[in-house]
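Secondary and tertiary structure notes
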Amino acid sequence: MLIVLPGALPSSPVSASLAARLPSIAPTLVAWMAQSRREIRPFDIRRNGCTPYEGWLLEQAGYAAQPGQPLGAALGPWRLSQALSALPENPPADRPVWLVDLVHLALGSEGASLLPPSALDPGREESAALFDAIHPLLEGDGIEAHMLTPQTWQIQVPKAWNCQHLGTPDMLAGQRMDILCPPRQLPQPWRRLLNEIQMTWHEHPVNLARAERGQTALNSLWLYGGTRYQAGNTPPQSVPTLLEDLLPAYTQGDWNTWIGQLEQLDHRLAPLSQELDAAPGQPLTLILTGSDRIVTLNRPARHGWRRWLPKPKHDWITWWSLPA
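Predicted model only: the values in this text are computed from it and were never measured.

1. A few points about the overall build of the protein chain
Across its full length, the protein chain holds 14 helices and 11 strands. Across the 324 residues in the protein chain, those meeting the buried criterion constitute 47%. Partitioning the intrachain contacts of the protein chain with sequence separation of at least 6 by distance along the chain shows that 73% fall at a separation of at least 24. About 16000 Å² of surface is accessible on the protein chain, with carbon and sulfur atoms providing 52% of the total.

Put into structure tokens, the structure is as follows:
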């Protein structure tokens, strides 16, 4: 059994305070962590251009970093394939797949930052109205675009613009843009277009209505992807169970909500634990991700007389609350 828990590794210093509460909040998860051998893999988001969870998903799907591009650039074709349920029979091998997400670019005393996409939740009608408002701008620059989901559009930018993948929206959320993605790294034509889009959307009825409802404005686009379809992508050897319950609160740094979600998630894990205990020949692999690492936990199968031995106990706190 392979279970993936993105957002299960809070960064220091919050992890130190949460660790003391974990045994009462999530006894099943803590028991699994204590019974498993661990493998910790550091993950450099700046080098990879994506979050550890996104990187794991891409690797599972058979994607690898291409020459001159970070691994995260493959999120373009991967997300397109997810939206279409399958890759086209004859994908255009010479055309990179670019995506844009509807985002909120916040300006603060320390510079600009992106809000987590999970905090925005645009509706399909909102997305369509915003698209219609900027369609003449896109068309004027020879840009093709269409909606994949309310938050994500597929887009084709002119090759001469020389756009580069600078990071995914989730990777950049809450980070200082001037450090991870200085404005000078964006091609001048794309910066000009973004300025025009931001002015068009500033007083748009969609954002005025969102403000009345207390929702955050959708005031910009973030471009990412740029990798071509890669031949020979292999399906994973085992189908993982992706439990993304913790991810929105984790990305938004909302730890009170995170604790509540973890408690509910642990209730869902308890029956799986009973199932595994009833079938001791079945191993368990857990994948936990945070902001800078991927932890693989392997709880071995217990065959024959070994099933009656006490279960091993490992000190999970020493690695779970490592600093970011």
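2. Structural notes on the packing of aromatic side chains
Within a pair of aromatic rings, the relevant descriptors are the distance that separates the centres and the angle that separates the planes. Evaluated as defined, the whole model comprises six aromatic pairs. Between the aromatic rings of tryptophan 161 and tryptophan 190, the centroid separation amounts to 6.5 Å while the plane-to-plane angle is 55°, which identifies the pairing as tilted. Residue tryptophan 161 is found in the loop between strand 7 (152–156) and helix 8 (169–172), and its partner tryptophan 190 is found in helix 10 (residues 188–202); the two are separated by 29 residues along the sequence. Note on accessibility: tryptophan 161 and tryptophan 190 belong to one class, buried.

3. Some remarks on helix 6 (residues 75–83)
The complete set of buried residues in helix 6 reads Leu75, Gly76, Pro77, Trp78, Leu80 and Ser81. Elements in contact with the buried residues of helix 6: helix 5 (52–60), strand 3 (97–103), strand 7 and strand 8 (220–227).

4. Here's the deal with helix 3 (residues 27–34)
Among the eight residues that make up helix 3, six are buried, leaving the element largely enclosed by the rest of the structure. Every buried residue of helix 3 is listed here: Thr28, Leu29, Val30, Trp32, Met33 and Ala34. At its buried positions, helix 3 is contacted by strand 1 (2–6), helix 2 (22–25), helix 13 (255–278), strand 10 (284–289), strand 11 (293–299) and helix 14 (317–320).

5. Some remarks on the environment of serine 11
Following the sequence through the fold, serine 11 ends up in the loop between strand 1 and helix 1 (14–19). In the structure, serine 11 is positioned 309 residues away from tryptophan 320 in sequence and 9.1 Å away in space, judged by C-alpha atoms.

6. Looking at the sheet that holds strand 9 (residues 241–242)
Read across the open sheet, the five strands follow the order 2-11-10-1-9; overall the sheet is mixed. Either end of the sheet is taken by a strand with one partner, and the two such strands are strand 2 (37–42) and strand 9. Sitting on the sheet, helix 5 touches strand 1, strand 2, strand 9, strand 10 and strand 11, and the angle it makes with strand 1 is about 150°.

7. So, the layout of surface pockets
One number sums up the size of the second largest pocket: a volume of about 310 Å³. Class assignment for the residues of the lining of the second largest pocket results in five nonpolar, five polar and four charged.

8. A few points about the packing of helix 7 (residues 124–140) against helix 10
Look at helix 7 against helix 10: their axes get within 10 Å of each other, and the N-to-C directions meet at 145°. At the point where helix 7 passes helix 10, the crossing takes the right-handed sense. Within the contact between the two elements, helix 7 uses Leu130, Ala133, Ile134, Leu137 and Leu138 and helix 10 uses Leu193, Glu196, Ile197, Thr200 and Trp201. Of the residues in the contact of helix 7 with helix 10, the class split is eight nonpolar, one polar and one charged.

The rules behind these values
- Residues numbered from 1 in each chain as written.
- Predicted model: local features only at pLDDT ≥ 70, side-chain atom pairs only at ≥ 80, totals over all residues.
- Heavy atoms only, no water.
- Helix = DSSP H or I, 4+ residues; strand = E, 2+ residues; numbered from the N terminus.
- Buried < 20%, exposed > 50% of the residue type's maximum accessible area, 1.4 Å probe, protein only.
- Contact = heavy atoms within 4.5 Å.
- Areas by Shrake-Rupley, 256 points an atom, 1.4 Å probe, with all protein chains shown as cover.
- Phe/Tyr/Trp six-rings, centres within 6.5 Å; stacked < 30°, edge-to-face > 60°.
- Pairing = 2+ DSSP bridges.
- Axes fitted to C-alpha atoms, helices over the stretch in contact; angles between N-to-C directions.
- 1 Å grid on protein atoms, 1.4 Å probe; cavity = no way out; pocket = protein on both sides within 12 Å on 5 of 7 lines; lining within 4 Å.
- Points joined across faces, edges and corners; volume = space filled by probe spheres on them.
- Nonpolar A, V, L, I, M, F, W, Y, C, P; charged D, E, K, R; others polar.
- Left-handed = near helix turned anticlockwise from the far one by under 90°.

This is a description of form; function is not addressed.
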